[in-house]
Amino acid sequence: MLLRGKPGLSTTPLEFLDTRGASRACKPISDIQAFQDKANFIPTIPFDSENPNMNKRYLPSLLILAIISTCIEIDMSVPSFPDMARDFGVPEGLIQRTITYNFLGFCVGALVYGPLSECFGRRKLMLIGNSIMLIGAVGCVYARTIDWLLLSRFIQGIGASTSVVLVFAIIADCYQGNEAFKLLGLTNAMMSTFMALAPSAGGYVNMAFGWRGNYAVVAGITALALVMMFFFLPETKTTLEKLDAGKIVRDYARLARNGSFISAALVPSLLFAAYMVFIASSGFIYLQTFALPIKFFVPHLSIIVISFAVPSMFAGKLIPYLGGPDNTVKVGMGVAAGSIALLLLVAENAYALTALISLYCVGFALCYPVIFGRSMEIFPELRGTASSVIMSVRSLLVSLLTAAASYFFNGKVVTVAAVMLVSVVAATFLALRPARVANSANTAN
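Residues numbered from 1 in each chain as written. Predicted model: local features only at pLDDT ≥ 70, side-chain atom pairs only at ≥ 80, totals over all residues. Heavy atoms only, no water.

### A short note on the overall build of the protein
- When helices and strands are counted, the protein shows 17 helices and two strands.
- Sorting the 445 residues of the protein into buried and exposed places 60% on the buried side.
- Relative to all contacts within the protein whose residues are 6 or more apart in sequence, the contacts with residues 24 or more apart total 87%.
- When the accessible surface of the protein is totalled, it reaches about 16900 Å², and 67% of it is carbon and sulfur. (Helix = DSSP H or I, 4+ residues; strand = E, 2+ residues; numbered from the N terminus. Buried < 20%, exposed > 50% of the residue type's maximum accessible area, 1.4 Å probe, protein only. Contact = heavy atoms within 4.5 Å. Areas by Shrake-Rupley, 256 points an atom, 1.4 Å probe, with all protein chains shown as cover.)

Given below as C-alpha cells:
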C-alpha cells in the first residue's frame with residue numbers, strides 16, 4: 001500500500017490522469033528540435049502512431065516492471081529495522097527516519113518530473129529518474145554509516161517518484177476508452193499484489209541475507225527495469241512544450257491559493273501519512289515490544305497491507321452500495337477515525353494492533369478514490385500539475401509526521417497511536433465538508 005498515496009490512482013477516471021492539459025499550447029517536436037537536442041544524450045524511440053501495436057506490445061509489461069521497485073522499496077525494508085539499528089548502533093527512531101528521508105526525496109522529485117516530461121518527453125525522464133533510484137538503492141546496499149544510509153534513501157526517493165508520476169501519464173498518452181481502463185485495472189491489481197507480497201519477501205530475505213539483501217533486491221529490479229526501458233520504452237509524448245518556469249510557478253501558485261483544492265488534497269495525504277507513521281514503527285513494536293519472531297511479524301504486516309490493497313481494487317464497485325460518494329466518505333472516515341481512537345485504548349497485543357490497523361486501512365481505501373477524484377476536478381486544465389502537488393504534499397506530510405513519531409517513539413503503541421490520531425482528526429475535519437469540495441469546480445476560476 002506504500003505508493004506514497006499511489007494506491008487508488010487507477011481507480012479515478014482516465015481523464016484525471018491526462019497531464020497534457022487542454023489549455024496548453026503544444027508545439028510539434030520538429031518545431032523545437034534545437035531545444036530538445038540539449039537533452040538528446042538519451043536515444044529516443046519514437047512512438048509509431050501508424051502502427052501503434054508494435055509499440056504497445058511490450059508497454060504494459062514495461063510499465064508494471066517500472067513500478068515494482070517503487071511498490072516494494074519500503075515494505076521490504078521494514079522487517080529489517082531492528083537489525084539495522086543494532087548494526088549501526090543507533091536508536092530505533094533514527095532508523096525510522098530512513099522513511100522520512102525517502103519521502104522527503106520523493107516530495108522533491110514529484111514536483112519536477114511531471115512538468116519536465118512535458119518538455120523533454122516521458123522516456124527521457126523515466127530513464128533519468130530510474131537511474132537516480134538505482135544509485136540510491138546501491139548506496140543503501142553499501143552504506144557503512146547511518147548518514148550514508150539516510151542520504152542514499154533520500155536519493156532513492158527522488159528517483160522513485162518518477163514512475164509514480166509518469167506511468168499513468170504514459171497510459172493516458174497511448175490508450176483510450178475500455179483499453180485504457182483495462183490496463184489501469186491490471187496495473188492497480190499488480191501494484192496491490194506486489195505490495196502484499198513485499199513484507200513477506202522482505203522478512204525472508206532479511207533472515208537469509210541480512211538487511212542489505214532487501215536493498216539489493218530493489219536495486220536488482222530497478223536495474224532490470226532500467227535496461228528494459230532503455231531498449232523498449234517508446235516516447236509517448238508526441239508533442240513537446242518549451243520549458244516555461246514562470247508558467248509552472250503560476251500554475252502551482254494558482255493551486256495553492258484555492259482552499260477547496262488544498263482541503264481535498266490534504267485528506268488522503270493525511271490518512272496516508274498516518275499509515276506510514278505506523279509502518280515506520282511496526283518493526284520495533286512487533287519484534288521488540290511484543291517480542292514476536294520475524295517469521296510471525298511478516299504475516300501481521302501482510303494482513304495490514306492486504307487490508308488496503310483489496311478494498312482499493314473494488315472501491316469503485318462498493319461506492320454505490322454505500323449510498324454514493326458522500327456517504328462513502330462518511331463511512332470511510334468514520335471507520336478510520338474510530339479504529340485509531342480504539343487503538344489508544346485497547347491495543348495491548350499484536351492481534352489487537354493488527355485488527356485495528358487493518359480496519360483503518362479499509363476505511364482509508366473506501367474514501368480515497370472519492371476525495372482524490374474531487375481534488376482533480378477542481379482544476380481540470382491543471383490535472384498533471386495538480387497530481388504532482390498532491391504527491392509532493394503527501395510525501396512532505398509523511399516526512400514530517402514520521403520524523404515527529406520517531407522523536408517521541410518509546411516503544412509503546414500509545415505513542416504511535418497519538419501521532420496517528422492527530423493526523424486522522426485533521427483529515428476527518430477536512431473530509432466532512434463535501435459540499436464545498438464538490439462544488440468548488442464551479443467557482444475555482
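That was the structure; now back to the text.
### Quick notes on the packing of aromatic side chains
- What the rule picks out here adds up to 13 aromatic pairs.
- With 5.1 Å between their ring centres and 85 degrees between their planes, Tyr407 and Phe408 make a pair best called edge-to-face. For the pair Tyr407 and Phe408, a shared accessibility class is recorded, and that class is exposed.
- Grouping aromatic residues by their ring pairs yields a cluster made of Phe278, Tyr286, Phe290 and Phe297.
- Positioned above the aromatic ring of Phe230 is the side chain of Arg123, whose terminal nitrogen or guanidinium carbon lies 5.8 Å from the ring centre. (Phe/Tyr/Trp six-rings, centres within 6.5 Å; stacked < 30°, edge-to-face > 60°. Lys NZ or Arg CZ within 6 Å of the ring centre and 35° of its normal.)

### Comments concerning the environment of Leu150
- When you line up the elements, Leu150 lands in helix 7 (residues 146-174).
- Using a relative accessible area of 6% as the deciding quantity, one classes Leu150 as buried.
- Leu150 sits 55 residues away from Ile95 along the chain, and the two C-alpha atoms are 8.6 Å apart.
- When near neighbours in sequence (up to four residues on either side) are disregarded, Leu150 contacts Leu94, Arg97, Thr98 and Tyr101.

### Some remarks on helix 4 (residues 81-88)
- Within helix 4, the full set of buried residues consists of Phe81, Pro82, Met84, Ala85 and Phe88. The buried residues of helix 4 occupy one face: seen down the axis, they fall within an arc of 160 degrees.
- In the core, the buried residues of helix 4 are packed alongside helix 5 (92-120), helix 7, helix 9 (211-232) and helix 11 (259-289).
- Following helix 4 by one or two positions, Gly89 has its phi on the positive side, about 65 degrees. (Arc of directions from axis to C-beta.)

### Quick word on the confidence of the model for the protein
- The pLDDT averaged across the protein works out to 79; a share of 80% of its residues lies at or above 70.
- Across the protein, helix 6 (residues 122-141) holds the top mean pLDDT of 94, while strand 1 (residues 27-28) sits lowest at 41.
- Low pLDDT, under 50, characterises residues 49-54; the predicted model gives this stretch one contact beyond four residues in sequence or across chains.
- Low confidence marks residues 434-445, where pLDDT is under 50. Its contacts with residues over four positions away, or in another chain, come to 18 contacts. (pLDDT = per-residue confidence, 0-100.)

### Quick word on the packing of helix 3 (residues 59-72) against helix 7
- Remark: helix 3 packs on helix 7, axes separated minimally by 9 Å, with the N-to-C direction vectors making an angle of 160 degrees. As far as their axial angle goes, helix 7 and helix 3 are roughly antiparallel. As helix 3 packs across helix 7, the resulting crossing turns out to be left-handed. Here Leu59, Leu63, Ala66, Ile67 and Thr70 of helix 3 come into contact with helix 7, specifically with Ala160, Ser163, Val164, Val167, Ile170, Ile171 and Cys174.
- Looking at the contact of helix 3 with helix 7, its residues break down into 10 nonpolar, two polar and no charged. (Axes fitted to C-alpha atoms, helices over the stretch in contact; angles between N-to-C directions. Parallel < 35°, antiparallel > 145°, perpendicular 65-115°, else oblique. Left-handed = near helix turned anticlockwise from the far one by under 90°. Nonpolar A, V, L, I, M, F, W, Y, C, P; charged D, E, K, R; others polar.)

### A short note on the side chain of Ser161
- Locating Ser161 in the fold gives a position in helix 7.
- Since its relative accessible area comes to 0%, Ser161 is described here as buried.
- What Ser161 contacts, discounting residues up to four positions off in sequence, is Phe106, Gly109, Ala110 and Tyr113.

### With respect to a nonpolar patch on the surface
- Residues Tyr58, Leu224, Val227, Met228, Phe230, Phe231 and Phe232 make up a contiguous nonpolar surface patch of about 650 Å² in total accessible area.
- Counting through the fold element by element, Tyr58 comes out in the loop between helix 2 (52-56) and helix 3. (Patch = residues over 30% accessible without salt bridge, like charges linked within 9 Å, V, L, I, M, F, W, Y side chains within 5 Å. Salt bridge = Lys/Arg side-chain N within 4 Å of Asp/Glu carboxyl O.)

### Let's talk about helix 16 (residues 413-431)
- The end-to-end C-alpha distance of helix 16, which contains 19 residues, comes to 26 Å, matching closely the 27 Å that a straight helix rising 1.5 Å per residue would cover.
- Those residues of helix 16 that fall on the buried side of the exposure criterion are Val413, Thr415, Val416, Ala417, Val419, Met420, Ser423, Val424, Ala427, Thr428, Leu430 and Ala431. (Expected span 1.5 Å × (residues − 1).)

### What to know about the packing of helix 5 against helix 11
- Packing of helix 5 against helix 11 brings their axes to within 11 Å, and their N-to-C directions diverge by 150 degrees. By the angle between their axes, helix 5 is roughly antiparallel relative to helix 11. Read as a crossing pair, helix 5 and helix 11 show a hand that is right-handed. In this structure, helix 5 uses Glu92, Ile95, Gln96, Ile99 and Phe103 to contact helix 11, whose residues at the interface are Phe272, Met276, Ile279, Ala280, Ser281, Phe284 and Gln288.
- When the residues that make up the contact of helix 5 with helix 11 are grouped by side-chain class, the tally is eight nonpolar, three polar and one charged.

### Re the side chain of Ser117
- Turning to its location among the elements, Ser117 is positioned in helix 5.
- In contact with Ser117, other than residues within four places in its own chain, are Arg122, Leu125, Leu166 and Lys237.

### A few points about the environment of Val167
- Tracing the chain through its elements places Val167 in helix 7.
- Judged by relative accessible area, which is 0%, Val167 ranks as buried.
- Sequence-wise, Val167 and Leu63 are 104 residues apart; in three dimensions their C-alpha atoms are separated by 6.2 Å.
- Among all residues touching Val167, those that are not within four sequence positions of it are Leu63, Ala66, Ile67 and Met126.

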